[in-house]
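# Structure at a glance
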Amino acid sequence: MVRCDELATFTEEPGSITRPYGTPSLIAAREKVAQWMREAGMDVRIDAAGNLRGRANGSEPTAPALLLGSHLDSVRDAGRYDGPLGILVAIEIVDRARASQQVFPFPVEVIAFADEEGLRFQTTYLGSCALAGSFSPAFLDLVDADGITLREALGTFGGDPRALADAALRSGEARAYIEVHIEQGPYLEFVDAPVGVVTAIAGQSRIMIAFSGEAGHAGTVPMHLRRDPLPAAAQIVLAAEDLARQTRGLLATVGTIDVTPGASNVIAGHARFSLDVRHPENPVRTNAVSALERRVREVAVTRSLGVEWRVARDHPAVPCDAPLTTRLAEAVAAAGLPVERLPSGAGHDAVVMSEVVPVAMLFVRCAGGISHHPAESVKTSDVAAAIDVLDQFVTMLANEKLE
Ligand code: GLV
Ligand code: MN
Ligand code: MN
């Protein structure tokens, strides 16, 4: 908990927690976590995407590794547990084993992923994509709000755009990926359980939409002669909300909008905004995205605007691995805790890791279900429970015969 507080001081925006990919605050946070990994006896390296990877070799260094971790980047004005908690709990497992001279029969690797939130480049899961071997070279040409390319950002972040393929896990290198994370919702609080076993992670689409019209004088251009992109954007904000309210389980969010030139007495020339659409069932999500795209194009035609629709990320729903999840539930029961199962509406690096290794996730109860907000909070006793469960789980795997 003290370490979560300490990591919260690494930020690009003093007074809040904002740690986007590739920034000085993320580099400094990564150095701090690397120090804690070394103190826990791990060998530490930074991979070509800027992920931090700490490894404890165990008695059989060539056996497939057990991967544990979460992400170190954050949203804007974030809480202090979304991401860091999973990394720190994992380090604690390795440190406990070292302190009790327990040697696992497989390597344990703790990963602090560099870009799960996608705040800077709208690229969710960039860090885990590198491990999964699905980091598309096209990502390198993405630009942030200051016109800096991902290629440039990667260079200053200690990564290497030309060596991204080297960051990918090789076949047989890892046996599983387990992520501990705050729930970010109210379920565990409602059922009064400290932890929960995740069954599946909802699908997620992120889209960037832009309408372009003609900027002009707010006092002279008659209403019927305007080509104003901002009311068009407003129509889509409302259309997304309406569709989500009418579709069971669908969530649609416009979280950013950028208007240029941006003055109170100037008609906007350009409006660019994000759209995040989620649902546990893939067809419901993809149908909603198609319906909203049709609406965007209709609005552009009706208002004589230029339009851009760019799907930044599109991730189907992912079930957690059944045998691993059963084993995790056994570890919860062995720790004397009630076994609660729940799906995740939030995205996690486990989504992308599931492309290459079996994944399981453990949620920690979160006060009021509040997350992506500075008020995010967890109880120390719940974190202690999560550490006990993960410890049990790793010990159970260690006692199993290795395949
Ligand atoms: C990650 O936090 C997400 O947006 O689900
Ligand atoms: Mn997270
Ligand atoms: Mn998050």
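A brief look at the structure comes next. (Residues numbered from 1 in each chain as written. Chains lettered and ligands numbered in written order. Predicted model: local features only at pLDDT ≥ 70, side-chain atom pairs only at ≥ 80, totals over all residues. Heavy atoms only, no water.)

As a further point, take the coordination of the manganese ion (ligand 3). For the manganese ion (ligand 3), the full set of protein donor atoms is Asp82 (OD), Glu117 (OE), Glu117 (OE) and His372 (NE2), and the range of their distances to it is 2.0 to 2.8 Å. All donors of the manganese ion (ligand 3) belong to a single chain; written as a sequence motif, their spacing is D-x34-E-x254-H. Separating the manganese ion (ligand 3) from the manganese ion (ligand 2) is a gap of 3.5 Å, bridged by aspartate 82, which donates to each. Here the residue aspartate 82 occupies a position in the loop between β3 (65–71) and α3 (84–99), and histidine 372 occupies one in the loop between β16 (359–364) and α11 (380–399), the gap between them amounting to 290 residues. By relative accessible area, which is 6% here, aspartate 82 ends up buried. (Donors = N, O, S within 2.8 Å, 3.2 Å for Na, K, Ca; no water. Helix = DSSP H or I, 4+ residues; strand = E, 2+ residues; numbered from the N terminus. Buried < 20%, exposed > 50% of the residue type's maximum accessible area, 1.4 Å probe, protein only.)

This paragraph deals with the environment of alanine 210. Tracing the sequence through the fold places alanine 210 in strand β7 (residues 203–212). Exposure remark for alanine 210: the relative accessible area of 5% places this residue in the buried category. The spatial distance from the C-alpha of alanine 210 to the C-alpha of arginine 272 is 4.1 Å, given a sequence separation of 62 residues. Apart from the residues within four sequence positions on either side, alanine 210 is in contact with His270, Ala271, Arg272, Gly306, Val307 and Glu308. (Contact = heavy atoms within 4.5 Å.)

Now for the pairing of strand β5 (residues 174–182). Summarising burial for β5: nine of the nine residues are buried, a large majority. Relative to β16, β5 runs parallel, the two being bridged by six bridges. Among the inter-strand pairings, valine 180 is bridged to a residue of β16, identified as leucine 362. (Pairing = 2+ DSSP bridges.)

A few words now on the site of ligand 1. Around ligand 1, a shell composed of Glu116, Glu117, Gln204, Arg206, Arg278, Ala346, Gly347 and His372 is seen. For ligand 1, an oxygen atom lies 2.6 Å from a polar atom in the backbone of glycine 347. Here histidine 372 contributes a side-chain N or O atom positioned 3.0 Å from an oxygen atom of ligand 1. Calculation on ligand 1 without its partners gives an accessible area of 190 Å², and the protein chains cover 95% of this total. Class assignment for the residues of the shell around ligand 1 results in one nonpolar, three polar and four charged. (Near = heavy atom within 4 Å. Polar contact = N/O pair within 3.5 Å; in protein donor to acceptor, adjacent residues only side chain to side chain. Areas by Shrake-Rupley, 256 points an atom, 1.4 Å probe, with all protein chains shown as cover. Nonpolar A, V, L, I, M, F, W, Y, C, P; charged D, E, K, R; others polar.)

On to the packing of aromatic side chains. In this description, a pair of aromatic rings is defined by centroid distance and the angle of the planes. In total, this model carries six aromatic pairs according to the counting rule given. A centroid spacing of 5.0 Å and a plane angle of 65° characterise the contact between tyrosine 21 and phenylalanine 157, whose relative ring orientation is edge-to-face. Taken together, the residues tyrosine 21 in the loop between α1 (2–7) and α2 (24–39) and phenylalanine 157 in the loop between α5 (150–156) and β5 connect sequence positions 136 residues apart. The exposure class of tyrosine 21 is buried, given its relative accessible area of 1%. Owing to a relative accessible area of 1%, phenylalanine 157 belongs among the buried residues under this scheme. A ring pair is formed by phenylalanine 211 and phenylalanine 273, whose centres lie 6.0 Å apart and whose planes are at 40°; its orientation type is tilted. Of this pair, phenylalanine 211 sits in strand β7 while phenylalanine 273 sits in strand β12 (residues 270–279), and the two are 62 residues apart along the sequence. By the burial criterion, phenylalanine 211 is buried, and phenylalanine 273 matches it. Between the NZ or CZ atom of arginine 30 and the centre of the ring of phenylalanine 157, over which it lies, the distance is 4.2 Å. Just above the ring of phenylalanine 106 sits the side chain of arginine 175; from NZ or CZ to the centre is 5.2 Å. (Phe/Tyr/Trp six-rings, centres within 6.5 Å; stacked < 30°, edge-to-face > 60°. Lys NZ or Arg CZ within 6 Å of the ring centre and 35° of its normal.)

In this model, helix α8 (residues 282–302) (21 residues) spans 30 Å end to end at C-alpha, consistent with the 30 Å of a helix rising 1.5 Å per residue. Buried within α8 are the following residues: Arg285, Ala288, Val289, Leu292, Val296, Val299 and Ala300. Each buried residue of α8 lies within a common arc of 110° when the element is viewed along its axis, so the set occupies one face. Of the exposed residues in α8, the ones pointing more than 90 degrees away from its buried face are Pro283, Asn287, Arg294, Val301 and Thr302. Considering only its buried residues, α8 is in contact with β7, α7 (229–246), β12 and β13 (306–315). Looking one or two places after α8, you find serine 304, whose phi comes out positive at around 55°. (Expected span 1.5 Å × (residues − 1). Arc of directions from axis to C-beta.)

On to the pattern of salt bridges. Counted according to the given criterion, the structure contains 27 salt bridges. Between arginine 53 and aspartate 47 there is a salt bridge, with the nearest N and O atoms lying 3.8 Å from each other. Residue arginine 53 is classed as buried on the basis of its relative accessible area of 2%. On the basis of relative accessibility, which here comes to 3%, the residue aspartate 47 falls in the buried class. For the salt bridge of arginine 96 with aspartate 391, the shortest nitrogen-to-oxygen distance reads 3.0 Å. One end of the pair, arginine 96, is in helix α3; the other, aspartate 391, is in helix α11, with 295 residues separating them in the sequence. On the basis of relative accessible area, arginine 96 is assigned to the partly exposed category, the value being 31%. The buried category is assigned to aspartate 391, whose relative accessible area is 16%. (Salt bridge = Lys/Arg side-chain N within 4 Å of Asp/Glu carboxyl O.)

Shape descriptors only; they carry no functional weight alone.
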